[in-house]
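One-letter residues, chain by chain:
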Amino acid sequence: MNALELRGLVNPQGWRMMSEQDYLTAILVREQVGGGLASPALFVPGVIRPVIDQWAGRYLLDIAPSGSYAKGTANRSGTDLDIFISLSPDTVETLSDIHKTLAATLKATGYQPRLQNVSIGIKVNGYAVDLVPGKRQNWLFNDHSLYKRRGDTWTKTDISQHIAKVKGSGRQAEIRLIKLWRSQKGLEFPSFYLELAVIKALETAWLSPLADNLRTVFAYLRDNVATARFVDPSNTNNIISDDLTVAEKQAIKKAATAALAAPYWRDIVV
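In this report, the structure presented in the accompanying data block is examined. A quick note: this is a predicted structure, and the numbers were derived from the prediction, not measured.

**Digging into the overall build of the protein**
Turning to step 1, where the next piece is worked out: A tally of helices and strands in the protein yields 10 helices and nine strands.
Turning to step 2, where the next piece is worked out: Relative to the globule expectation of 18 Å for 270 residues, the C-alpha radius of gyration of the protein, 20 Å, shows essentially globular dimensions.
Turning to step 3, where the next piece is worked out: Its C-alpha atoms give the protein principal-axis dimensions of roughly 65 × 40 × 30 Å.
Turning to step 4, where the next piece is worked out: For the protein, with 270 residues in total, the buried portion stands at 49%.
Turning to step 5, where the next piece is worked out: For the protein, long-range pairs separated by at least 24 residues make up 63% of all intrachain contacts whose partners lie at least 6 apart in sequence.
Turning to step 6, where the next piece is worked out: With an accessible surface of roughly 13,200 Å², the protein has 54% of that area assigned to carbon and sulfur atoms.
Turning to step 7, where the next piece is worked out: A gap of 2 Å separates the mean positions of the 32 positive and 26 negative side-chain charges of the protein.

Laid out in structure tokens, this is it:
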């Protein structure tokens, strides 16, 4: 197999295929999420708002998109819409009770809530939505306390810093493709953890082609995901990389190694 075949530019019979850049760009175009009034990031909060108002009452401060839609890293397929629910510091319920009562209210109004680690998953007009309730810690700063079902504990974070970190990275294209790869390979890899890993892998790669950047990310994951430490930029005590087990990190490493050895991009992401 020659160098062009290894890079996915020609097939074994010799006729030219689309370039790496064209192939990856076509995937990004296909996976582009709807904008304007058609965007679920605009209408879903309005649909779910009456239920949240009923549940939170005077303690509700805000409800807004907080995940990939807000960061510009959403894909049409396989992406949940994260909605962050900001509650007043005066909220009397415990963080555990906040999760339980929100789930109960959703169920009572016809939804089928799924209790997840820090979120509650529901379907809204066919869209997968993850509701993330957080209790603001005080009126001076935007830090919120979030309940974590794994371990029955809690963590402090500032979602606005997460959004700013990813939006300002300029790595939306690479992140979107790595998210697709994650989903298509069935990997457990939390989105913010993934985003931080991609940003770290590419911190010195500014003029490289998209395909080369992806190879750099795969090499970084192969060599570092098992040991690299990622910290929440808004809370140094929140170790993002601790959210995966050793086995889950090994699965990412194995998949990244396979991606680097794959002869064609269609074997990596489609």
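**Observations regarding helix α9 (residues 210-224)**
Turning to step 1, where the next piece is worked out: Here α9 is 15 residues long and its end C-alpha atoms lie 21 Å apart, about the 21 Å a rise of 1.5 Å per residue gives.
Turning to step 2, where the next piece is worked out: Among the structural elements, α2 (20-30), α7 (172-184), α8 (191-201) and α10 (246-261) are those in contact with the buried residues of α9.

**Structural notes on the environment of Y127**
Turning to step 1, where the next piece is worked out: Mapping Y127 onto the fold places it in strand β5 (residues 127-136).
Turning to step 2, where the next piece is worked out: Y127 sits 46 residues away from L81 along the chain, and the two C-alpha atoms are 7.5 Å apart.

**Some remarks on the packing of helix α6 (residues 159-167) against α8**
Turning to step 1, where the next piece is worked out: At their nearest, the axes of α6 and α8 sit 10 Å apart, and the two run at 35 degrees to each other. Regarding α6 and α8, the two cross each other, and that crossing is left-handed. Contacts between α6 and α8 involve H162, K165 and V166 from the first element and F192, E195, L196 and I199 from the second.
Turning to step 2, where the next piece is worked out: For the contact of α6 with α8, the class distribution of residues is four nonpolar, one polar and two charged.

**Re the pattern of salt bridges**
For side chains bearing opposite charge, pairing can occur when the charged atoms are close.
Turning to step 1, where the next piece is worked out: For the structure on display, the rule yields 11 salt bridges.
Turning to step 2, where the next piece is worked out: With its nearest N and O atoms 3.2 Å apart, the salt bridge here joins E195 to K179. Separated by 16 residues along the polypeptide, E195 in helix α8 and K179 in helix α7 bring together distant segments of the chain. The two residues E195 and K179 agree in class, both being buried.
Turning to step 3, where the next piece is worked out: Where salt bridges share partners, they join E20, D212 and R215 into one cluster.

About the thresholds
- Residues numbered from 1 in each chain as written.
- Predicted model: local features only at pLDDT ≥ 70, side-chain atom pairs only at ≥ 80, totals over all residues.
- Heavy atoms only, no water.
- Helix = DSSP H or I, 4+ residues; strand = E, 2+ residues; numbered from the N terminus.
- Rg over C-alpha atoms; globule rule 2.2 N^0.38 Å.
- Buried < 20%, exposed > 50% of the residue type's maximum accessible area, 1.4 Å probe, protein only.
- Contact = heavy atoms within 4.5 Å.
- Areas by Shrake-Rupley, 256 points an atom, 1.4 Å probe, with all protein chains shown as cover.
- Lys, Arg positive; Asp, Glu negative; His and termini not counted.
- Charge placed at Lys NZ, Arg CZ, Asp CG, Glu CD.
- Expected span 1.5 Å × (residues − 1).
- Axes fitted to C-alpha atoms, helices over the stretch in contact; angles between N-to-C directions.
- Left-handed = near helix turned anticlockwise from the far one by under 90°.
- Nonpolar A, V, L, I, M, F, W, Y, C, P; charged D, E, K, R; others polar.
- Salt bridge = Lys/Arg side-chain N within 4 Å of Asp/Glu carboxyl O.

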